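# Per-entry structural report
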Amino acid sequence: MSTIFDKIISREIPADIVYEDEQVLAFKDISPKAPVHYLIIPKQPIATLNDANPEHQALLGHMMLTAAKLAKQAGVAEDGYRVQMNCNPDGGQVVYHIHLHMMGGKALSA
Ligand code: AMP
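The structure displayed is predicted, hence computed values, not measured ones.

### Let's talk about the site of the ligand
- Looking at the ligand, there are 16 residues lining it, with Asp29, Gly92, Val94, His99 and His101 nearest.
- One nitrogen or oxygen atom from the main chain of Gly92 is found 2.7 Å from an oxygen atom belonging to the ligand.
- Between an oxygen atom of the ligand and a main-chain N or O atom of Val94, the distance comes to 2.7 Å.
- Protein chains bury 85% of the 500 Å² of accessible surface belonging to the ligand in isolation.
- Every element with two or more residues in the shell around the ligand is listed here: helix H1 (4–9) and strand S2 (24–28).

Here's what the structure looks like:
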């Protein structure tokens, strides 16, 4: 099923894109929970973490390393940041195209 993130990948709707390569796209969250709040998404649609399989292992690792790289670029790596992936309703997932939240720029509550 197509999501709003597919439309961002295909440029049907705009986003504040901060990084792109062959595998992933990263853009600013439209409703930021921290001064720096990026979403890192794979270009291939995987609805939830439950739908990931061993074929996606390298892609998931690449998403994590991209989050760390973007945290450094945004100047929040040294003070610290949070990387989070929500899964399904109890996990707070709203968009069913997996994404990492990378949040920093202030002390985040537990
Ligand atoms: P989640 O609850 O983990 O599914 O997170 C979805 C995130 O996507 C939320 O933090 C939203 O603010 C963000 N979001 C939804 N639509 C857009 C959009 N068009 N551009 C940027 N971020 C978005």
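### Observations concerning the environment of Ile98
- Mapped onto the elements of the fold, Ile98 is located in the loop between helix H3 (88–91) and strand S5 (100–104).
- Accessibility expressed as a relative area gives 1% for Ile98, which makes it buried.
- Taking the C-alpha atoms as reference, Ile98 lies 9.2 Å from Ala52; in sequence the two are 46 residues apart.

The rules behind these values
Residues numbered from 1 in each chain as written. Predicted model: local features only at pLDDT ≥ 70, side-chain atom pairs only at ≥ 80, totals over all residues. Heavy atoms only, no water. Near = heavy atom within 4 Å. Polar contact = N/O pair within 3.5 Å; in protein donor to acceptor, adjacent residues only side chain to side chain. Areas by Shrake-Rupley, 256 points an atom, 1.4 Å probe, with all protein chains shown as cover. Helix = DSSP H or I, 4+ residues; strand = E, 2+ residues; numbered from the N terminus. Buried < 20%, exposed > 50% of the residue type's maximum accessible area, 1.4 Å probe, protein only.

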